[in-house]
Amino acid sequence: MAVRFKKTAVFILAFLLMFEQSGFTQISDRIFPVYFTPSNAVLTDKFRPVHLRYLSFIPGDNSFQLLLDKGGAKDLSIDALQASARQVMDYFFIGLTLPNESFWVNLRPDQPRNIIGPELEKTDVGKVFLEADVNLKKDLARFTSPDTPEGKQYWDALYAKAEELFGSDEMSLPTFTRPWIVPGEIIIRRNAAGAYIYKATLRVYLEQDYFKNSSVFAFEDERMKMLNEYSSALVRKLIIPMLSREVNVSRRYAPLRQVYYSLIMSQWFKEHFSEK
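Keep in mind that this is a model prediction, so the values were computed, not measured.

1. A short note on helix 4 (residues 149–166)
In step 1: Relative to the 26 Å expected for 18 residues at 1.5 Å per residue, helix 4 spans 26 Å between its end C-alpha atoms, a close match to the ideal helical length.
In step 2: Along helix 4, the residues that are buried comprise Gly-151, Tyr-154, Ala-157, Leu-158, Lys-161, Ala-162, Leu-165 and Phe-166. Down the axis of helix 4, the smallest arc covering the buried residues is 145°, so these residues share one side. Exposed residues on helix 4 whose side chains face more than 90 degrees from its buried face are Pro-149, Glu-163 and Glu-164.
In step 3: Among the structural elements, helix 3 (124–143) and helix 6 (222–249) are those in contact with the buried residues of helix 4.
In step 4: Two residues or fewer after helix 4 comes Gly-167, characterised by a positive phi angle close to 65°.

Laid out in structure tokens, this is it:
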């Protein structure tokens, strides 16, 4: 524990609660879903962003006590730390203000009107989510490229399965594998004064695995259905582990992880103070 606290900084910051009280009533039975879709990339740059680790609320003067984890940042000035504190608290207040079901994005060319909710679209959190979704799609394309060992293994196995099912018949290989970024393991210590996040990870799932009743894929040809299921199994084995690692440690997803910690804390705050 002592080693971990060497990487932290404490601030006492006062904020006026400028949101409607109705924001407290949007409580979910589970941590809100943080939704995304496709992408892959070779891990090249690990980085831990400054993020919110502990928060307590002092009702008497509407102020918060924060514990910031400096992450991989080095030699931060007081001004830089204060700017980071304001940023993570902005994300926190967005989490309080918007309903839990608002936190999703889905960049799909076939659904241009269902990319992001109108409330989230107006926020910096929405911008971070969209950037993460773009990165996820790029990463998926990169990891399934035949120029990579995993991509070559994926396509060789898929072509072999297609030949087994279709023989010499002409057909198109399926590409219906949509990864989503969703909450992973979250460990929080809570008491009357506040909450401390020990651990918060993100996971990558295929759409059909996370949304159990999803029926987005319909195949008239049973062989095509079998081939798509085989393709999904290959992606789970070869690609998803790399995507999950990328999302949790890569610098490109650092803004998403920074937002994630703040939204987890806003979820705790909603639940803890919902009746107050």
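2. Topic: unusual backbone geometry
Residues apart from glycine generally show negative phi values, whereas peptide bonds are mostly found in trans.
In step 1: Unusually for a residue other than glycine, Asn-62 sits at a positive phi of about 50°.
In step 2: The residue Asn-62 is located in the loop between strand 2 (51–58) and strand 3 (63–69) in this model.

3. Structural notes on the packing of helix 2 (residues 78–97) against helix 7 (residues 254–273)
In step 1: Running from amino to carboxyl end, helix 2 crosses helix 7 at an angle of 45°, the nearest separation of the two axes being 8 Å. Between helix 2 and helix 7, the crossing angle belongs to the class labelled oblique. For helix 2 against helix 7, the interelement crossing comes out right-handed. Of helix 7, the residues touching helix 2 (which contributes Gln-87, Val-88, Tyr-91, Phe-92, Gly-95 and Leu-96) are Gln-258, Val-259, Ser-262, Leu-263, Met-265, Ser-266, Phe-269 and Lys-270.
In step 2: Tallied by class, residues from the contact of helix 2 with helix 7 come to eight nonpolar, five polar and one charged.

4. A short note on the packing of aromatic side chains
In step 1: Following the criterion strictly, the structure yields 14 aromatic pairs and no others.
In step 2: When the centroid spacing of 5.9 Å and the interplanar angle of 80° are considered together, the rings of Phe-64 and Phe-93 count as edge-to-face. With Phe-64 in strand 3 and Phe-93 in helix 2, this residue pair connects regions lying 29 residues apart in the sequence. One exposure class covers both Phe-64 and Phe-93, and it is buried.
In step 3: Ring plane angle 70° and centroid distance 5.4 Å describe the contact between Phe-92 and Phe-93, whose orientation is recorded as edge-to-face.
In step 4: Phe-92 gets classed as buried once you look at its relative accessible area, which sits at 0%.
In step 5: With a relative accessible area of 13%, Phe-93 lands in the buried category.
In step 6: Among the aromatic residues, those joined into a ring-pair cluster are Phe-57, Phe-64, Phe-92, Phe-93, Trp-268, Phe-269 and Phe-273.
In step 7: For the cation-ring pair, Lys-161 lies above Tyr-230, with the distance from its terminal atom to the ring centre recorded as 5.3 Å.

About the cut-offs
- Residues numbered from 1 in each chain as written.
- Predicted model: local features only at pLDDT ≥ 70, side-chain atom pairs only at ≥ 80, totals over all residues.
- Heavy atoms only, no water.
- Helix = DSSP H or I, 4+ residues; strand = E, 2+ residues; numbered from the N terminus.
- Expected span 1.5 Å × (residues − 1).
- Buried < 20%, exposed > 50% of the residue type's maximum accessible area, 1.4 Å probe, protein only.
- Arc of directions from axis to C-beta.
- Contact = heavy atoms within 4.5 Å.
- Axes fitted to C-alpha atoms, helices over the stretch in contact; angles between N-to-C directions.
- Parallel < 35°, antiparallel > 145°, perpendicular 65-115°, else oblique.
- Left-handed = near helix turned anticlockwise from the far one by under 90°.
- Nonpolar A, V, L, I, M, F, W, Y, C, P; charged D, E, K, R; others polar.
- Phe/Tyr/Trp six-rings, centres within 6.5 Å; stacked < 30°, edge-to-face > 60°.
- Lys NZ or Arg CZ within 6 Å of the ring centre and 35° of its normal.

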